[in-house]
Amino acid sequence: AALDVGVGGFPVELPGSAGYALNEMGESFYLLTDTYIYTYNSEGALITDIQHGFQNPISDANNKRVIVYDKNGKEYKFFSRTGEIFNGSTEDTIVFGEIGNEERSAIVTTSTRYSNYLYVLNGEGKQIFRWASPSLKIMQVEFSDDDTSVFVSALGSGQGELKLHILRFD
């Protein structure tokens, strides 16, 4: 209610873009294009538009935040409804990113020494956990409801067969 939003409503006119991703963000929603991230309130009024600067942007969101990262790149940014919260980069290429239910998030990267790295960040963008997966390829990451645990599905092999492993980290 305190946000100074533009006049808008449905239908929302979309800007020109090579690609679009639309997702909810609590009672609001956001639109990710090839150059911008737009946030709208539940009435369709534009809250903000920010140029993200990525060539191949991918996103994930919860009720309060959006992570945008460059597919096959090394940089990521976090946004609220009204602007950028923080940004960062990794040494290795980002495979995917997931945002938890509260303020924690996960970033999975490639590695020259291991199959993957899993990084867990707190709400300020500080790394609070890192796991180097020695022989398993991380396929998916999910957070517990309170973000105190992270569940990882990882693919490996043994005795000539593919095996899916589910791991839990507190």
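Read on for a plain summary of the structure.

Parameters at a glance
- Residues numbered from 1 in each chain as written.
- Predicted model: local features only at pLDDT ≥ 70, side-chain atom pairs only at ≥ 80, totals over all residues.
- Heavy atoms only, no water.
- Helix = DSSP H or I, 4+ residues; strand = E, 2+ residues; numbered from the N terminus.
- Buried < 20%, exposed > 50% of the residue type's maximum accessible area, 1.4 Å probe, protein only.
- Contact = heavy atoms within 4.5 Å.
- Pairing = 2+ DSSP bridges.
- Axes fitted to C-alpha atoms, helices over the stretch in contact; angles between N-to-C directions.
- Phe/Tyr/Trp six-rings, centres within 6.5 Å; stacked < 30°, edge-to-face > 60°.
- Core = buried A, V, L, I, M, F, W, Y, C linked by side-chain atoms within 4.5 Å.

1. A few points about the overall build of the protein
Of the regular secondary structure elements, the protein holds zero helices and 15 strands. Taken across its 170 residues, the protein has 45% of its residues classed as buried. Pairs at least 24 residues apart make up 31% of the contacts formed inside the protein by residues separated by at least 6 positions.

2. Regarding the environment of threonine 109
Examined against the element boundaries, threonine 109 turns out to sit in strand E10 (residues 105–109). On the basis of relative accessible area, threonine 109 is assigned to the buried category, the value being 0%. Along the primary structure threonine 109 and serine 149 are separated by 40 residues, whereas in three dimensions their C-alpha atoms are 19 Å apart.

3. Thoughts on the sheet that holds strand E14 (residues 150–158)
Consider a sheet: its strands pair through backbone hydrogen bonds, and that pairing is either parallel or antiparallel. Read from one edge to the other, the open sheet built from three strands follows the order E13-E14-E15, with strand pairing classed as antiparallel. Each edge of the open sheet carries a strand with a single partner, namely strand E13 (137–143) and strand E15 (161–169). Pairs of neighbouring strands in the sheet enclose a mean axial angle of 20 degrees, with direction left out of account. Strand direction decides the pairing type here: E14 and E15, joined by nine bridges, are antiparallel. Residue pairing for E15: glycine 156 is matched across the bridge by lysine 163.

4. Re the packing of aromatic side chains
Tallying each qualifying case throughout the model produces eight aromatic pairs. Ring plane angle 10 degrees and centroid distance 5.0 Å describe the contact between phenylalanine 29 and tyrosine 40, whose orientation is recorded as stacked. In this pair, phenylalanine 29 is assigned in strand E2 (residues 28–33) and tyrosine 40 in strand E3 (residues 36–40), connecting sequence segments eleven residues apart. Each ring, one from tyrosine 76 and one from phenylalanine 78, has its centre 6.1 Å from the other, and the planes form 85 degrees; the classification is edge-to-face. Pair check on accessibility: tyrosine 76 and phenylalanine 78 agree, each one buried. Among the aromatic residues, those joined into a cluster by ring pairs are Tyr76, Phe78 and Phe86.

5. Let's talk about the nonpolar core
Formed by 21 residues in total, the largest nonpolar core has its most connected members in Tyr76, Phe78, Leu118, Ile138, Val141 and Val152. Contributing elements (two or more residues each) for this core: strand E6 (66–70), strand E7 (75–79), strand E9 (94–99), E10, strand E11 (116–121), E13 and E14. What phenylalanine 78 contacts, discounting residues up to four positions off in sequence, is Val66, Ile67, Gly83, Glu84, Ile85, Phe86, Ile99, Ser105 and Leu121. Formed by ten residues, the second largest nonpolar core is a distinct cluster that contains Ile50, Ala61, Val66 and Val68.

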